[in-house]
Every structure is written in C-alpha cells, then in structure tokens.
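Spelled out from the first residue to the last, the chains are:
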Amino acid sequence: PLAAQAFVLFPIVAFTGLFLLPFVTSLPRGIWLGFAGLPHAVLATRRLRASPDVTREIIPAQAWTLLSFCLLALGSAIGMLLLG
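Calculation rules
- Residues numbered from 1 in each chain as written.
- Predicted model: local features only at pLDDT ≥ 70, side-chain atom pairs only at ≥ 80, totals over all residues.
- Heavy atoms only, no water.
- Salt bridge = Lys/Arg side-chain N within 4 Å of Asp/Glu carboxyl O.
- Helix = DSSP H or I, 4+ residues; strand = E, 2+ residues; numbered from the N terminus.
- Buried < 20%, exposed > 50% of the residue type's maximum accessible area, 1.4 Å probe, protein only.
- pLDDT = per-residue confidence, 0-100.
- Expected span 1.5 Å × (residues − 1).
- Contact = heavy atoms within 4.5 Å.
- Axes fitted to C-alpha atoms, helices over the stretch in contact; angles between N-to-C directions.
- Parallel < 35°, antiparallel > 145°, perpendicular 65-115°, else oblique.
- Left-handed = near helix turned anticlockwise from the far one by under 90°.
- Nonpolar A, V, L, I, M, F, W, Y, C, P; charged D, E, K, R; others polar.
- Bend = angle between axes of the 7 residues up to and from the residue.

Caption draft 1: Expanded view of the pattern of salt bridges. By the definition in use, this model includes 1 salt bridge. In this structure, Glu 57 engages Arg 47 in a salt bridge whose closest nitrogen and oxygen atoms are separated by 3.3 Å. Of this pair, Glu 57 sits in helix H4 (residues 55-83) while Arg 47 sits in helix H3 (residues 38-50), and the two are 10 residues apart along the sequence. Taking relative accessible area as the criterion, Arg 47 reaches 25% and is therefore assigned partly exposed.

Structure representation (structure tokens):
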C-alpha cells in the first residue's frame, strides 16, 4: 500500500535533518548521538514494507518506530549536554 511506501520517508527526513542540523544551526555535532535510533527505524521500515497488510506483522514495526524516536531524542539530548 501507498502508506507503507510513504512511511519510508519519515525516517529519511528525520535522520537527514538530524545530520544537517549542525551545519545550518549552531547546534553541536553531539546531537548526532541521535543516530542511535537509526537501526530501529530501518528495522521498522523493512518490517512494514514486507507485510503492510498483516496487522500482527506490523506491531513489531510500531514498537521499533517508537524506540527509534525515543533513541533519537535521548541520544540527541545527551549529545548536546555532554558534547555541546
């Protein structure tokens, strides 16, 4: 389905933005610790694209997406505090 294909854009935009932020703002490169969430975003995307119509297959993708978001936020915050 189109939604599963469009979902791929969310991690691409989020992590591209995370990469670019230190170059276009005064934020420290320590925010790149937020890339700790990238592996879970990749897993979620793969799982969703493999079985977009099977709810029980999507549930792990939802958990990985949430974990990815939390790790991105936590990693970025720790990077700013410790390395900023």
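Caption draft 2: Looking closely at the confidence of the model for the chain. Here the chain shows a mean pLDDT of 94. Residues at 70 or above account for 100%. Averaged pLDDT values over the elements of the chain bottom out at 87 in helix H1 (residues 2-7) and peak at 96 in helix H2 (residues 9-24).

Caption draft 3: Region of interest: H4. For H4, built from 29 residues, the straight-helix expectation of 42 Å at 1.5 Å per residue is met to within 8% by its first-to-last C-alpha distance of 41 Å. Buried within H4 we find Ile 58, Ala 61, Ser 68, Leu 72, Gly 75, Ser 76 and Gly 79. Tucked inside the fold, the buried residues of H4 contact H2 and H3.

Caption draft 4: Main features of the packing of H3 against H4. The geometry of H3 relative to H4 is characterised by a closest axis approach of 8 Å and an angle of 160° between their N-to-C directions. Viewed along their axes, H3 and H4 adopt a mutual orientation that is roughly antiparallel. Of the two possible hands of crossing, H3 and H4 adopt the one that is left-handed. Of the residues in H4, those in contact with His 40, Ala 41, Leu 43, Ala 44, Arg 47 and Leu 48 of H3 are Glu 57, Ile 58, Pro 60, Ala 61, Trp 64, Thr 65, Leu 67, Ser 68 and Leu 71. Residue classes in the contact of H3 with H4 are distributed as 10 nonpolar, 3 polar and 2 charged.

Caption draft 5: Up close: H2. Its 16 residues give H2 an end-to-end C-alpha distance of 21 Å, which sits within 8% of 22 Å, the value for a rise of 1.5 Å per residue. Along H2, the sharpest change in direction is near 30° and occurs at Leu 18; proline Pro 22 comes one to four residues later. Among all positions in H2, only Pro 11, Phe 15, Leu 18 and Pro 22 are buried. Lining the buried residues of H2 we find H1, H3 and H4.

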